[in-house]
Amino acid sequence: MITAALYLSRRSLVNATWRRLRRLREPKYLVGFVVGLLYFWWFLYRPRGTRPAPAFAAALVDQLVPLGALALAVLLLVGWIAGSSETPFSFSLAETQFLFTAPLTRRQVIAFKVLRSQTSLLLSAILSVLLFSGFHFTASRLMRMGGLWLVYATLQLNFAAAAFARANLTDHGLTGWRRRAGLVLGAAVVVGLGWWGVRQALPGIAAAFSDDPAQGAAALGGALRGGVLGVLLWPLRALLGPLFAATPAAFVAALPAALLVLAAHYVWVVSSALSFEEVAAEAAEKTARRIDAMRRGRGLETPLPSRVRRPALLRLAPTGPPARAILWKNLTGLARTNRPRTLVFLAIFAVAVAGSLGSRAFTPLDWLATFALIFGGYAMVFGPFIVRFDLRRDLELVDVLKSAPVRGRDVVAGEILSPVVAVTAFVWAFALIAYAATLPRVTGLPPLGPRTAILVAALAAVPAFCGLLVTYQNAVVLLFPAWAAIGPDRATGVEALGQRILVMVGGWLALLVGLLPGAVVAAVVAGLLQVAGVPLVWGVAAGVVGGVVTVGCAIAFAVTWLGRVFDRLDPAAAGLS
Amino acid sequence: MIEVKDLTKLYGTLTAVSELSFGVAAGEVLGLVGPNGAGKTTTLRSIAGIIRPTRGQIVIGGHDLQRQPVAAKALLAFMPDEPRLFDYLTVEEHLRFVGRLYGVADVDTRAPALLQELELVDKAKTLPGELSRGMKQKLTIACGLLHEPKALLFDEPLTGLDPVGIRRMKQTIVERARRGAAVLLSSHLLHLVEEICTRVLIIQRGRKVAHGSIAEILAGRPDLQGRSLEEVFLALTGAET
């Protein structure tokens, strides 16, 4: 079993590394790799100011083990109470297919999984330490890596044991709140014992903190080491011993106790012989669907389940422009994959906060307008990246789109319109809320007339701004499909990070270049109107409208060009299907 | 109805299809067979207008696919081997959406009849995520048949269907051909090809190996007389050991 697990880990690592290296022969990955490396270099080696640690922080260093043990205890308690998984480990679909059908005992499967996961845990420990230490290898760093791996491995086993406990309770008919209540009761007993043990020391700790935080930390550390709490936290303190050891000798001295805790967890989990295969297989399928959705660029969006059966927002007429049909399809999808309750909660929260913060100088309505402007600005800047119901998503189904008797220009227009319409609607709603909320205010803002002019200009500018960003992203998808998040083979790694940085920088450059003609037209129109005697603010508003028309023409030109690109696109050559 | 002349498709140095020429007349069912990697799907996708041929010409109902793609595609329907559906549109909405793309004005009349024919009536309000593989396949076929195409391209149409579904699918294909549609069907199921195809096109490594009715192919190879299509296929593609 050990050799099988080691073989799988070793070959997976070697093959994945080779695959990455071979990919670097393609310029697009090589460029991405270089940019990714530069980013990491900047992230790790950029100049940092060196400030001496405050006295309180220095005092805390001495108490890291007991305080860390307390933090771990809280983490584990939350995990036991709030966790819901009934499967001890996350199995991949391939693992469920091969391991669960192989002639292995349940304990052998668990042992295999525990051993198999150690590679990733060790890598996580190494990376965590290196990231915090600027990639310097020293003896103390190596000790930290070893110590952190022990902590990760033990935590993993502890959570696995928690999953077994939940499965056990379920087997005995305790599900939902009844099971949770039982776990809460158990946790309450542990916390009560700890509290009973430390209660007498609390006044002394509080007094020490009021005198000097360093003394307070020392008093707290002492309390966590002694009495009932000291006994309860001993396994966790033992586990953290190697991680926070100051010298190699201390590390070696702390190692046996930590290994004992780890071994005890291993025996605990491996000796659990409860059935978990069915739950694990279901969880593996769910995880695979979620990973698939993420790889397809749908973020954490839940894969569409059977429960989503809301009627379409609008009815599609049998005839009419095909672009409108694609717009309808995407808006229907958007409505079905997003829950309005999030927006409702957000609105209630904003109104409640505005109400509580309001004063005579800055009324609740002023706060509401401020929140609306913040949300609107956020929606305008990030909305075109978040709302991906366009070619970023539909290029997966390029065969369907390309075999339909529709010109590429119409396909691209329909696809680009979808996020623009959705984001614009949101931003307009927020802008109108902000405008309405500021109607009663007569001081501190321009008069109502100019304010209305600003609103008109802002409303006109939103679709142009979103249109440019969405058009750029769809252009990237069409021109460089391998760089974009389409389909199941989304690239990962340093090179993919570099590619995404380049695409993002390109997006902002494209925005600047795209806005330039519009800005020139806006300036000319506003200047001419001012010469003609039109008030400045109305002149600027008219200029913005003129600029928006210019940007709209540029987008229309880009859509026509991208339509030709779509018509010429060869899905097989582009690696889309 | 379908005319393919010297179709060639290159991917870098790889030749997927090489100078392939054939035609499918109205009412005819042509079986496209060949080993894995022979170029069957590339041929079908080229005819469907999904990929552009490197060389050659494809004409659908008198419309050159390169020069008049919209007019040519309006006569076509391509049913891929793997159902490709929009996961947020219901069965009924798929038909409505496809109807709009193909300009089917009477979609409200045609869609229910198709759902009835393909036994999808009780799934009309269902999202693809809730459908079985076979149901998805049926929905793909329904979308393809909605605009009453004159040329039908099927890539492994029986995959995932139950015995009843297989029988109905065969009936649907034959019925469409009887009504005058040209059908091009790619399949590894040689008994299916033997049963419903009027002619067979065997390709290997992108090149034509044999073309004609089974009787015509056997006439050219007297040594294969009396053998089944499977044996003929194995002999012609050199896979017989």
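Predicted model only: the values in this text are computed from it and were never measured. (Residues numbered from 1 in each chain as written. Chains lettered and ligands numbered in written order. Predicted model: local features only at pLDDT ≥ 70, side-chain atom pairs only at ≥ 80, totals over all residues.)

(A) Looking closely at the overall build of chain B. A count of helical and extended segments in chain B gives nine helices and 10 strands. The buried share of chain B, taken over its 241 residues, is 49%. (Helix = DSSP H or I, 4+ residues; strand = E, 2+ residues; numbered from the N terminus. Buried ≥ 20, exposed ≤ 12 C-beta atoms within 10 Å, placed from the backbone.)

(B) Local environment of the sheet that holds strand β7 (residues 151-155) of chain B. Residues and elements named next belong to chain B. Within the open sheet, the six strands sit side by side as β6-β7-β8-β3-β9-β10. Their pairing is mixed. Looking at the sheet topology across the chains shown, the edges are occupied by β6 (76-79) and β10 (207-212). Ignoring strand direction, the axes of neighbouring strands in this sheet form an average angle of 15 degrees. By the bridge criterion, five bridges tie β7 to strand β8 (residues 182-186) in an arrangement that is parallel. Across the sheet, the residue bridging to Leu152 is Val183, located in β8. Running at roughly 150 degrees to β8, helix α6 (residues 163-178) makes contact with β3 (29-33), β7 and β8 of the sheet. (Pairing = 2+ DSSP bridges. Axes fitted to C-alpha atoms, helices over the stretch in contact; angles between N-to-C directions. Contact = placed C-beta atoms within 7 Å.)

(C) Summary view of helix α4 (residues 107-117) of chain B. All names here are of chain B. Listing the buried residues of α4 in full gives Val107, Ala111, Leu114 and Leu115. End-on, the buried residues of α4 take up no more than an arc of 100 degrees, which puts them together on one face. Opposite its buried face, α4 presents the exposed residues Thr109, Ala113 and Gln116, each directed more than 90 degrees away. Tucked into the core, α4 has its buried residues touching α3 (91-101) and α5 (133-145). (Arc of directions from axis to C-beta.)

(D) Geometry of the interface of chain B and chain A. Tallying the contact residues gives 33 residues for chain B and 31 residues for chain A. Elements with a minimum of two residues in the side of chain B that touches chain A: α2 (69-73), β6, α3 and α4 of chain B.

(E) Expanded view of the environment of Ala335 of chain A. Note that Ala335 of chain A resides in helix α14 (residues 322-337). Measuring from C-alpha to C-alpha, the distance between Ala335 of chain A and Leu313 of chain A comes to 7.6 Å, with 22 residues separating the pair along the chain.

(F) Structural context of the sheet that holds strand β4 (residues 55-60) of chain B. All names here are of chain B. The four strands lie next to each other as β2-β1-β4-β5, forming an open sheet whose pairing is antiparallel. The sheet is open, and its two edges are formed by β2 (14-24) and β5 (63-64), each paired on a single side. When strand β1 (residues 2-11) meets β2, the two strands line up antiparallel, connected through seven bridges. By the bridge assignment, Ile2 is partnered in β2 with Val24. Along the sheet face, helix α1 (residues 40-47) touches β1, β2 and β4 and points at about 120 degrees away from the line of β1.

(G) Quick look at the packing of helix α16 (residues 364-386) of chain A against helix α20 (residues 448-479) of chain A. Residues and elements named next belong to chain A. Viewed as axis vectors pointing N to C, α16 and α20 meet at an angle of 25 degrees, and their least axial separation amounts to 9 Å. Considering the angle they form, α16 stands roughly parallel to α20. Regarding α16 and α20, the two cross each other, and that crossing is right-handed. Contacts between α16 and α20 involve Met380, Gly383 and Pro384 on the former and, on the latter, Val462, Phe465, Cys466, Leu469, Val470 and Gln473. (Parallel < 35°, antiparallel > 145°, perpendicular 65-115°, else oblique. Left-handed = near helix turned anticlockwise from the far one by under 90°.)

(H) A look at the packing of helix α10 (residues 213-225) of chain A against helix α11 (residues 227-240) of chain A. Residue and element names in this part refer to chain A. Packing of α10 against α11 leaves a shortest axis separation of 5 Å and a crossing angle of 75 degrees. As judged from the angle between their axes, α10 and α11 are roughly perpendicular. Contact residues: α10 offers Ala223, Leu224 and Arg225, while α11 offers Leu229, Gly230 and Leu233. The residue inventory of the contact of α10 with α11, partitioned by class, reads four nonpolar, one polar and one charged. (Nonpolar A, V, L, I, M, F, W, Y, C, P; charged D, E, K, R; others polar.)

(I) Region of interest: the confidence of the model for chain B. The share of residues in chain B with pLDDT of 70 or more is 99%, and the mean pLDDT across the chain is 87. Element-level pLDDT for chain B is lowest in helix α9 (residues 229-236) of chain B, with a mean of 81, against a maximum mean of 93 in β8 of chain B. (pLDDT = per-residue confidence, 0-100.)

(J) Here's a closer look at the nonpolar core. Counting 150 residues, the largest nonpolar core has Ala142, Leu146, Ala151, Leu153, Val183 and Leu184 of chain B as its most contacted members. It is α20 of chain A that provides the largest number of residues to this core, a total of 16 residues. Non-local contacts of Ala142 of chain B, meaning those with residues more than four positions away in its chain, are made with Leu95, Leu114, Leu115, Leu118 and Leu120 of chain B. (Core = buried A, V, L, I, M, F, W, Y, C linked by C-beta atoms within 7 Å.)

(K) Here's a closer look at α16 of chain A. All names here are of chain A. At Met380, α16 shows its strongest bend, of approximately 40 degrees, with the proline Pro384 following within four residues. For α16, the full list of buried residues reads Asp366, Trp367, Leu368, Ala369, Phe371, Ala372, Phe375, Gly376, Ala379, Met380, Gly383 and Pro384. Buried-residue contacts for α16 involve α15 (340-357), α19 (408-437) and α20. (Bend = angle between axes of the 7 residues up to and from the residue.)

(L) Quick look at the pairing of β3 of chain B. Residue and element names in this part refer to chain B. Burial runs high along β3: five of the five residues are buried. Burial of β3 is two-sided: the residues Val29, Gly31 and Val33 facing one way and the residues Leu30 and Leu32 facing the other way are all buried. Where β3 meets β8, four bridges bridge the pair, whose relative direction is parallel. Bridge pairing in β8 links Val29 to Val183.

(M) Seen up close, unusual backbone geometry. Residue and element names in this part refer to chain B. Although it is not a glycine, Asp6 adopts a positive phi angle of roughly 50 degrees. Topologically, Asp6 is positioned in strand β1. Look at Glu19: it is not a glycine, yet its phi comes out positive at around 45 degrees. Looking at where Glu19 falls in the secondary structure, it is placed in strand β2.

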